[in-house]
Amino acid sequence: QNDWWNKNYGGEKATRFNIYPNPTKGDNIFIANDSKQLQKVIVLNALGQKVMQQSFNTNTPLQHLNMSGLNTGVYFIKLYVKDDLVPENRVLVVE
């Protein structure tokens, strides 16, 4: 774990994000987190191009994204808490 992240965001508990279902059939995915501080999600395709971005204003432990506009493939998800990128790599498969 990143020392800076642990110091500023409460360590490992604050970095627990679950993304499901994965793989998805192209419908909604859900992002659950313990910290309730998820601010933004960016989805990148396999070439690293941004294909989706969504911001959240609510302070809830569960957010959803509509993935119906994405083609079948592998995507990378970047999660942001308080304008900082969560130092974890997330992969999503759209079938």
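Parameters and conventions
Throughout this document, residue positions are counted from 1 along each chain, in the order its sequence is written. For this predicted model, a pLDDT threshold of at least 70 governs which residues receive local features, and a threshold of 80 or more governs which side-chain atom pairs are given and counted, while totals over whole chains, interfaces and linings are taken from all residues. Only hydrogens and water are removed before side-chain values are computed, so all heavy atoms of the structure are retained for them. Nonpolar cores were defined as sets of buried Ala, Val, Leu, Ile, Met, Phe, Trp, Tyr and Cys residues, with membership established by side-chain atoms within 4.5 Å. Partly exposed residues are those whose accessible area sits between 20% and 50% of the maximum for their type, while under 20% is buried and over 50% is exposed, using a 1.4 Å probe and protein chains only. By definition, any uninterrupted DSSP run of H or I lasting at least four residues is a helix, any uninterrupted run of E lasting at least two residues is a strand, and each is numbered from the N terminus. Every residue pair with non-hydrogen atoms within 4.5 Å of one another is taken to be in contact. In short, DSSP must find at least two bridges between two strands for them to pair.

(A) Up close: the nonpolar core. Formed by 19 residues in total, the largest nonpolar core has its most connected members in Ile 31, Val 41, Val 43, Leu 65, Met 67, Ile 77 and Leu 79. Sorting the residues of this core by element identifies strand E1 (17–20), strand E2 (28–33), strand E3 (38–44), strand E6 (73–81) and strand E8 (90–94) as the ones contributing at least two each. Here the element with the most residues in this core is E6; it accounts for four residues. Not counting the four nearest positions on each side in its chain, Leu 65 is found in contact with Asp 27, Asn 28, Ile 29, Ile 31, Val 41, Val 43, Met 52, Gln 54 and Phe 56.

(B) Molecular detail of the pairing of E2. The sheet contact formed by E1 and E2 spans four bridges and is antiparallel. Following the sheet pairing, Tyr 20 is matched in E2 by Phe 30. Bridge count for E2 against strand E5 (residues 62–66) is five bridges, and the pairing is antiparallel. Each residue of the ladder has a partner; that of Phe 30, found in E5, is His 64.

(C) Spotlight on unusual backbone geometry. At the junction of Tyr 20 and Pro 21, the peptide bond is cis and its omega measures out at -10 degrees in the coordinates. Cis geometry is adopted by the peptide bond preceding Pro 23, which originates at Asn 22 and carries an omega value of 10 degrees. Of note, Pro 23 is situated in the loop between E1 and E2.

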